[in-house]
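Commentary on secondary and tertiary structure
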Amino acid sequence: TTFMLTYKQSGVDIDEGNRAVDLIKGKIKSTYDNNVIGDLGNFSGLYSLKEFVGMEEPVLLSSTDGVGTKLRLAQMMDKHDTVGIDLVAMSVNDLICQGAKPLFFLDYIATGKLVAENIDQIVGGIVDGCKMAGCALIGGETAEMPGMYAEDDYDLAGFSVGIADKAKIVSGQNVKAGDVLIGISSSGVHSNGYSFIRKIFLDTYNYKLDQHIEELGMTLGEALLTPTKIYVKLVLDLLKQYDIKSIAHITGGGVIENIPRVIPKGLGIDINKNSWEKPAIFKVIESFNAIDERELHKSFNMGIGLVMVVEKDKAEEVVNFINNREEEIHVDAKYTELMKDRAYIIGEVVDTHEGVNLC
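Structural notes, computed from the coordinates. Owing to the predicted nature of the structure, the values given are computational and were not obtained by experimental measurement.

Regarding the overall build of the protein
Summing up its helical and strand segments, the protein has 12 helices and 14 strands in all. For 359 residues, the compact-globule estimate of 2.2 N^0.38 gives 21 Å, and the C-alpha radius of gyration of the protein, at 21 Å, lies within 12% of that figure. By principal-axis analysis of the C-alpha atoms, the protein measures approximately 85 × 55 × 35 Å. The 359 residues of the protein split such that 52% are buried. Considering only intrachain contacts with a sequence separation of at least 6, the fraction spanning at least 24 residues in the protein is 85%. If you average the places of the 35 positive and of the 53 negative side-chain charges in the protein, the two averages end up 2 Å apart.

What to know about helix 1 (residues 14–29)
With 16 residues, helix 1 ought to run about 22 Å at 1.5 Å a step, and its terminal C-alpha atoms sit 22 Å apart, in line with that. Of all bends in helix 1, the biggest is about 35°, found at leucine 23. Residues Glu16, Gly17, Ala20, Ile24 and Ile28 constitute the buried set of helix 1. Looking at the buried positions of helix 1, the neighbouring elements they touch are helix 4 (116–133) and strand 5 (136–144). The N-cap of helix 1, judged by a side-chain oxygen 3.1 Å from the amide nitrogen of aspartate 15 a few residues on, is aspartate 13.

Topic: the nonpolar core
Phe201 and Leu220 are the most contacted members of the largest nonpolar core, which has 99 residues in total. Of the residues forming this core, the biggest block, nine residues, is contributed by helix 4. With near-sequence residues (within four places) excluded, phenylalanine 201 lies in contact with Asn206, Tyr207, Leu220, Ile281, Val284, Ile285 and Phe288. Core analysis: the next-biggest nonpolar cluster, separate from the first, contains nine residues, Tyr47, Ala136, Ile138 and Ile163 among them.

Conventions used here
Residues numbered from 1 in each chain as written. Predicted model: local features only at pLDDT ≥ 70, side-chain atom pairs only at ≥ 80, totals over all residues. Heavy atoms only, no water. Helix = DSSP H or I, 4+ residues; strand = E, 2+ residues; numbered from the N terminus. Rg over C-alpha atoms; globule rule 2.2 N^0.38 Å. Buried < 20%, exposed > 50% of the residue type's maximum accessible area, 1.4 Å probe, protein only. Contact = heavy atoms within 4.5 Å. Lys, Arg positive; Asp, Glu negative; His and termini not counted. Charge placed at Lys NZ, Arg CZ, Asp CG, Glu CD. Expected span 1.5 Å × (residues − 1). Bend = angle between axes of the 7 residues up to and from the residue. Polar contact = N/O pair within 3.5 Å; in protein donor to acceptor, adjacent residues only side chain to side chain. Core = buried A, V, L, I, M, F, W, Y, C linked by side-chain atoms within 4.5 Å.

Here's what the structure looks like:
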């Protein structure tokens, strides 16, 4: 007797993949602007640069990243609608550090077993992130990979391309001693340090993700899945009217490792570590008294997600501009709080030492 093998028997379901595409089509199109050419289903995404013809020397900038082990918490909680925001944030917040306007985004989702509803949730988050960043989701890939991933496992990667006029690229080369650091609030842990977070809360102190924590006003899991802030529109607004000398996205390595990347060699930073309001999650971590202060500021953003360097006499004005700014967000109302930015003067550039001192 002959028997017929099918692809489905190997664990890959093409029909389920097609069903996922049908679910997400409308959402993806809602991110399109007038520069997107063609439709979903092309072998590549097309984006016109006609709008930028007036630039003297247009430069394309690109950035790629993932979400890290924050995904493990999303999988444990079976909540997949926010990690897409994190995915977009990680790339577009990097682009904005050089003053680039993100144009478009592409995503890659790999999973052990494709469930159309989960893909719909994940891509819904990516779409929200793209709207917050003002960029178009013009392509992506969903790979079902049994044998590489366990059934409930998935991984995300993303990629964004932005544009800037060469003369206006934010480079940090004019930073000098006496310049002031402005820190902009983070929404929580963002998307770095989650292996450490799991070690602290789940392994060492035996917390449960569904445990309600008084200081957080929510469960531990909810607090930890708070999406990363997207700073694109804020920074583009600022660049129109202020000379922002340098910008650092505070990711893995915290303020200690990320700020020195964007200031000239020979200069250092003094940070007043009590100059901003920390999100509750960091206060809880501090209350354990188990982690050295410098280790904390090197592992986590500690409440500051983006740092900008400006002239001393402009600092107050920039801080006031940020704190009084009303932003129209064209996404779900549940993200309005997430999009509110608080700015603080957190330190200054010095020439007496290199690296970062916490004072």
